[in-house]
Amino acid sequence: YQKHVVVNGEEKDVKRSTGHSFLWYFKWETLVPFYFDQLIQDATDGKRDLSTALQKIYQEILSGAGENEIFHDITINALNEAAEGKVNFEEKYYDYLPRGKILELDEYLY
């Protein structure tokens, strides 16, 4: 990510040989959930992780909440709850969309 996508402090999209956007198919689908998982684990001293949020999202959708709430809101609320309110996922969720902020992954990947 840092080697191939971050150029002069900004994200530049890279198309894979299949024509897929790196930022959409790798950052948003893989790196952001990994980062959020690490933030939840750090906030809860390892007692919770991303699966806690995913279970909450699933329960909300099964209960019909998705009919009246925007999925982004359900997701952000579940992430905040999983992190026991110690991380502001509303800010992070939108910050790390493709071409958003550069992920702070160094401490987790090295």
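The structure we're discussing is the one just above.
Criteria and cut-off values
Residues numbered from 1 in each chain as written. Predicted model: local features only at pLDDT ≥ 70, side-chain atom pairs only at ≥ 80, totals over all residues. Heavy atoms only, no water. Helix = DSSP H or I, 4+ residues; strand = E, 2+ residues; numbered from the N terminus. Buried < 20%, exposed > 50% of the residue type's maximum accessible area, 1.4 Å probe, protein only. Contact = heavy atoms within 4.5 Å. Areas by Shrake-Rupley, 256 points an atom, 1.4 Å probe, with all protein chains shown as cover. Core = buried A, V, L, I, M, F, W, Y, C linked by side-chain atoms within 4.5 Å. Phe/Tyr/Trp six-rings, centres within 6.5 Å; stacked < 30°, edge-to-face > 60°. Bend = angle between axes of the 7 residues up to and from the residue. Salt bridge = Lys/Arg side-chain N within 4 Å of Asp/Glu carboxyl O.

A. View of the overall build of the chain. When you go through the chain residue by residue, the secondary structure sums to 5 helices and 2 strands. When the helices and strands of the chain are listed from N to C terminus, the series reads β-β-α-α-α-α-α. The buried share of the chain, reckoned over its 110 residues, is 37%. Nonlocal contacts in the chain, meaning residues at least 24 apart in sequence, comprise 58% of its contacts between residues at least 6 apart. Total accessible area on the chain stands at roughly 7100 Å², and carbon and sulfur atoms take up 49% of it.

B. Looking closely at the nonpolar core. Residues Tyr 35, Phe 36, Leu 39, Ile 40, Leu 79, Phe 89 and Leu 103 are the most contacted members of the largest nonpolar core, which totals 25 residues. For this core, the secondary-structure elements that each account for two or more residues are α1 (22–43), α2 (50–62), α3 (71–82) and α4 (89–95). Considering each element in turn, this core owes the most residues, 8 residues, to α1. With near-sequence residues (within four places) excluded, Leu 39 lies in contact with Val 87, Phe 89, Lys 92 and Tyr 108.

C. Here's a closer look at the packing of aromatic side chains. All chains considered together, the criterion is met by 4 aromatic pairs. Seen in terms of ring centroids, Tyr 35 and Phe 36 are 6.4 Å apart; in terms of plane orientation they differ by 40 degrees. Their pairing is tilted. By relative accessible area, which is 4% here, Phe 36 ends up buried.

D. Region of interest: α1. The sharpest bend along α1 reaches about 35 degrees and sits at Trp 28. Asp 45 sits one or two residues past α1 and shows a positive phi near 55 degrees.

E. Here's a closer look at the pattern of salt bridges. Inspection of the entire model under this criterion finds 4 salt bridges. Put simply, Lys 56 and Glu 81 hold a salt bridge, and the shortest N to O gap is 3.9 Å. A residue pair is termed long-range when its members are at least 10 positions apart, and Lys 56 in helix α2 and Glu 81 in helix α3 qualify at 25 residues. Here Lys 56 falls in the partly exposed class, since its relative accessible area comes to 23%. By relative accessible area, Glu 81 is classed as partly exposed at 43%. Beyond isolated ion pairs, a larger network of salt bridges with shared partners links Arg 48, Glu 84 and Lys 86.

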